[in-house]
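# Structure at a glance
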Amino acid sequence: AGSFQEAGVIQQAYNLNFPLHVVPASCAQCPAWSAFSVSSPAIVLETLKQAVPQRPRPEAVVVWLYEAHGSTVTIRLQISPRYRGNAVSPCRRAGGVWGWRSVPAALYFASSCDLLQHPAAQGCLLLEPHGLRLSFTPVHVLSILLVWSH
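Attention in this report is confined to the structure presented alongside it. Given the structure is predicted, the values throughout are model-derived calculations rather than measurements. (Residues numbered from 1 in each chain as written. Predicted model: local features only at pLDDT ≥ 70, side-chain atom pairs only at ≥ 80, totals over all residues. Heavy atoms only, no water.)

### Notes on the sheet that holds strand 8 (residues 119–124)
- Sheet architecture is open: five strands sit in the order 2-3-11-7-8, paired in antiparallel fashion. Here the strands that pair on one side only, and so sit at the sheet edges, are strand 2 (43–50) and strand 8. Each adjacent strand pair in this sheet contributes to an overall mean axis angle of 30°, direction not counted. (Pairing = 2+ DSSP bridges. Helix = DSSP H or I, 4+ residues; strand = E, 2+ residues; numbered from the N terminus. Axes fitted to C-alpha atoms, helices over the stretch in contact; angles between N-to-C directions.)

Now the structure itself:
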């Protein structure tokens, strides 16, 4: 017995619906990493995508997160140490396959945004050394626009 939160139901549902696909790597010693992580299992990082260029800004990404446990929580959205000081930008590779590339840069702007990726009227989010601190209420959905300088 126990709660669905303790049983990890949400993670198991994602594992079932989006199974891990193994892709051959070009080197045997490729370390595992994650570009972004959240500090609470109550928050699901649903999507990471390149921002629609309203102005030429290929160095911008949008992160969609939601609260899944019915709780009020403050979390850290952490940017991987491997990519602090670099922009992680989607790029099209051979055969039309999307991949990631690293561009020397610094994260200089973060804002919540609407679904059309317009920054929110309340202004910028406070950038911390290793990411952002975000607050959620039950079933809250949040879109974050991240822009790197280069």
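From this point, the narrative continues.
### Brief notes about the pairing of strand 11 (residues 141–149)
- Along strand 11, seven of the nine residues are buried, which leaves the element largely enclosed by surrounding structure.
- With seven bridges joining them, strand 3 (residues 60–67) and strand 11 adopt antiparallel strand pairing. Paired with Leu65 across the two strands is Leu142, which belongs to strand 11.
- As defined by bridge partners, strand 7 (residues 106–113) adjoins strand 11 across six bridges and the pair is classed as antiparallel. Across the sheet, residue Ser112 finds its bridge partner in strand 11, namely Ile144. (Buried < 20%, exposed > 50% of the residue type's maximum accessible area, 1.4 Å probe, protein only.)

### Some points on the side chain of Glu67
- Among the secondary structure elements, Glu67 is positioned in strand 3.
- Here Glu67 sits buried without a salt bridge, and the closest side chain of opposite charge, Arg133, lies 16 Å off (N-O distance).
- Here His69 takes part through its backbone nitrogen, which lies 2.8 Å from a polar atom of the side chain of Glu67.
- Side chain to side chain, Glu67 and Ser71 meet in a polar contact 2.8 Å long.
- Sequence-distant contacts of Glu67, defined by excluding residues within four places in its chain, comprise Ala42, Ile43, Val73, Phe136, Thr137, Pro138, Val139 and His140. (Lys, Arg positive; Asp, Glu negative; His and termini not counted. Salt bridge = Lys/Arg side-chain N within 4 Å of Asp/Glu carboxyl O. Polar contact = N/O pair within 3.5 Å; in protein donor to acceptor, adjacent residues only side chain to side chain. Contact = heavy atoms within 4.5 Å.)

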